[in-house]
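Summary of the model geometry
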Amino acid sequence: MDGKIDYRDDGLFCSGHVACGGCAEALSLRVILNTMGPDTVAVVSPSCTAVICGGHPMSSLKIPVFHTTIESAAASAAGVRRALRARGKVDTNVLCLAGDGGTYDIGIQALSSVAERNEDILYICFDNEGYMNTGGQKSSSTPRGAATGSTPDGKRTRKKNMIEIMAAHRIPYIATASPSDLNDLAAKVEKAKAMRGTRMIIVLIPCLPGWGLAEDSSVQTARLAVQSRAFPLVEITDGVHYRLQTPELCSPLADYLTSQKRYRHLDAAEMARLQADVDTDWSMLQQRAQISPA
Ligand SMILES: Cc1ncc(C[n+]2csc(CCOP(=O)(O)OP(=O)(O)O)c2C)c(N)n1
Ligand code: SF4
Ligand SMILES: [Mg+2]
């Protein structure tokens, strides 16, 4: 890849938003919005995204935005979808934007119901692995070992396997994406946009204050997450067809962990345990991809 970002920007995401300088979520949001296009309604859960979007008339998004509650984001999006349909606007895209706390924890009941009914929405989870706009508490997406405001000596349990939970709902499309490969992110959004039913993309967002990163390192940290296989890039169609993307370059998990202050208390044995977690998850995904029906 030559590193060129290949997508059309129609200015649907404005400058002057209040994301932390250097946040990869703003970058990802710009790509997602411009790929979705102007005929889109955003339904936004309380999260960094809600702060970045801001309120009317100062919104940084040039599309309609509905700020909803954290526990009902997916249900609100489904309601907007049905209201648009009742008004004959069947082609308008409904884009639900939520954080990992809103997705893996507080909003999971609404999300599960929406997925079971196969409501026609695209759900984006910006996964910064914690409750970041409220000061950096742990969520069930926080990985084992990571220090947060509520797990100062490291979280004891593993990151919830959200893609497997969603795959069990047999929704048409699930993908993971990274701001270190914006062309891949745009391609997945384009693909999801062309489908109907419940579609979900989880985008990894290395959080500058939450993970203890320099403000110019968010994208590089996301790249290390992919190369070390801590955050595998996958696509799952209809809950059973897995496509696992093997990174062009591989790096040891230790490179990823030592780039972040949230892991600085780990000793060699704990790092080895996390490497074993990553290896187990990768081989399970490989098996899923190998046995996927043609
Ligand atoms: C039911 C409920 N509990 C708690 C809150 C307070 N709250 C607002 S945003 C937020 C953090 C959400 O974390 P996440 O979804 O991961 O988004 P992030 O801030 O990390 O982008 C919390 C706890 C709330 N709005 N509603
Ligand atoms: S707190 Fe983290 S995820 Fe939120 S805007 Fe700042 S860097 Fe981005
Ligand atoms: Mg979060």
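Not measured: the values here are computed from a predicted model.

1. Some words on the sheet that holds strand 5 (residues 173-177)
Hydrogen bonds between backbone atoms are what pair the strands of a sheet, whose relative direction is either parallel or antiparallel. Overall, mixed pairing links the eight strands, which are arranged 2-1-3-4-6-5-7-8 in an open sheet. The open sheet has two edge strands with one neighbour each: strand 2 (65-67) and strand 8 (241-245). Neighbouring strand axes in the sheet, compared pairwise and without regard to direction, differ in orientation by 15° on average. Pairing of strand 4 (residues 122-127) with strand 6 (residues 199-204), which is carried by six bridges, proceeds in the parallel orientation. When the sheet's bridge partners are listed, aspartate 127 is paired in strand 6 with leucine 204. The sheet contacts of helix 7 (residues 182-193) involve strand 3 (93-99), strand 4, strand 5, strand 6, strand 7 (233-237) and strand 8, and relative to strand 5 the element is tilted by about 165°.

2. Some points on the packing of aromatic side chains
Across all of its chains, the model carries zero aromatic pairs by this definition. Geometry around tryptophan 282 places arginine 229 over its ring, the cationic atom sitting 4.3 Å from the centre. A cation sits over an aromatic face here: arginine 262 above tryptophan 211, 3.7 Å from the ring centre.

3. Details of the coordination of the magnesium ion (ligand 3)
At this site the magnesium ion (ligand 3) is bound by Asp100 (OD), Asn128 (OD1) and Gly130 (O), with donor distances of 2.0 to 2.1 Å. Donor residues binding the magnesium ion (ligand 3) come from one chain and are separated in sequence as D-x27-N-x1-G. Of this pair, aspartate 100 sits in helix 4 (residues 100-106) while asparagine 128 sits in the loop between strand 4 and helix 6 (162-167), and the two are 28 residues apart along the sequence. You can call aspartate 100 buried: its relative accessible area is 0%.

4. A short note on the site of ligand 1
Taken together, 15 residues are adjacent to ligand 1, and Cys48, Gly101, Gly102, Gly130 and Asn133 come closest. Taking cysteine 48, its main chain carries an N or O atom lying 2.9 Å from an oxygen atom of ligand 1. Glycine 101 is positioned with one of its backbone polar atoms (N or O) 2.7 Å from an oxygen atom of ligand 1. In the complex, the protein chains occlude 74% of the 580 Å² of accessible area that ligand 1 would expose alone.

5. Brief notes about the site of ligand 2
Lining the immediate surroundings of ligand 2 are Cys20, Cys23, Cys48, Asn128, Cys207, Leu208 and Pro209. Partitioned by chemical class, the residues of the shell around ligand 2 number six nonpolar, one polar and no charged.

6. Observations regarding the environment of leucine 27
The residue leucine 27 is located in helix 1 (residues 24-36) in this model. For the pair leucine 27 and proline 179, spaced 152 residues apart in sequence, the C-alpha to C-alpha distance is 7.3 Å. Beyond its immediate stretch of four places on either side in the chain, leucine 27 contacts Pro179, Leu182 and Val219.

7. Observations regarding the pairing of strand 1 (residues 40-44)
Buried residues dominate strand 1, accounting for five of its five residues. Here strand 1 shows a buried face lined by Thr40, Ala42 and Val44 and a second buried face lined by Val41 and Val43. Across five bridges, strand 1 lies against strand 3 in parallel orientation. Considered in strand 3, the bridge of valine 43 is made with cysteine 96. Crossover handedness for the path strand 1 to helix 2 (residues 48-53) to strand 2: right-handed.

8. Things to note about the side chain of lysine 188
By the element assignment, lysine 188 lies in helix 7. Residue lysine 188 is classed as buried on the basis of its relative accessible area, which comes to 1%. Among the polar contacts made by the side chain of lysine 188, one reaches the side chain of glutamine 245 at a distance of 2.7 Å. If near-sequence neighbours (up to four positions away) are discounted, lysine 188 is found in contact with Tyr173, Ala175, Thr176, Ala177, Ile201, Leu233, Val234, Glu235 and Gln245.

9. A short note on the layout of surface pockets
Put simply, the largest pocket is a space of about 700 Å³. Going through the elements one at a time, helix 6, strand 6, helix 10 (253-257) and helix 11 (268-291) are the ones with two or more residues in the lining of the largest pocket. If you tally residues by element for the lining of the largest pocket, the top one is helix 11, at seven residues. Counted by class, the lining of the largest pocket contains 19 nonpolar, two polar and twelve charged residues.

10. What to know about the environment of proline 206
Its place among the elements puts proline 206 in the loop between strand 6 and helix 8 (208-211). Residue class for proline 206 comes out buried when judged on its relative accessible area of 1%. As a C-alpha pair, proline 206 and serine 218 span twelve residues in sequence and 5.4 Å in three-dimensional space. Excluding residues that lie within four positions of it along the chain, proline 206 makes contacts with Pro179, Trp211, Leu213, Ser218, Thr221 and Ala222.

Rules used in this analysis
- Residues numbered from 1 in each chain as written.
- Chains lettered and ligands numbered in written order.
- Predicted model: local features only at pLDDT ≥ 70, side-chain atom pairs only at ≥ 80, totals over all residues.
- Heavy atoms only, no water.
- Pairing = 2+ DSSP bridges.
- Helix = DSSP H or I, 4+ residues; strand = E, 2+ residues; numbered from the N terminus.
- Axes fitted to C-alpha atoms, helices over the stretch in contact; angles between N-to-C directions.
- Contact = heavy atoms within 4.5 Å.
- Phe/Tyr/Trp six-rings, centres within 6.5 Å; stacked < 30°, edge-to-face > 60°.
- Lys NZ or Arg CZ within 6 Å of the ring centre and 35° of its normal.
- Donors = N, O, S within 2.8 Å, 3.2 Å for Na, K, Ca; no water.
- Buried < 20%, exposed > 50% of the residue type's maximum accessible area, 1.4 Å probe, protein only.
- Near = heavy atom within 4 Å.
- Polar contact = N/O pair within 3.5 Å; in protein donor to acceptor, adjacent residues only side chain to side chain.
- Areas by Shrake-Rupley, 256 points an atom, 1.4 Å probe, with all protein chains shown as cover.
- Nonpolar A, V, L, I, M, F, W, Y, C, P; charged D, E, K, R; others polar.
- Right-handed = clockwise from strand over helix to strand, strands pointing away.
- 1 Å grid on protein atoms, 1.4 Å probe; cavity = no way out; pocket = protein on both sides within 12 Å on 5 of 7 lines; lining within 4 Å.
- Points joined across faces, edges and corners; volume = space filled by probe spheres on them.

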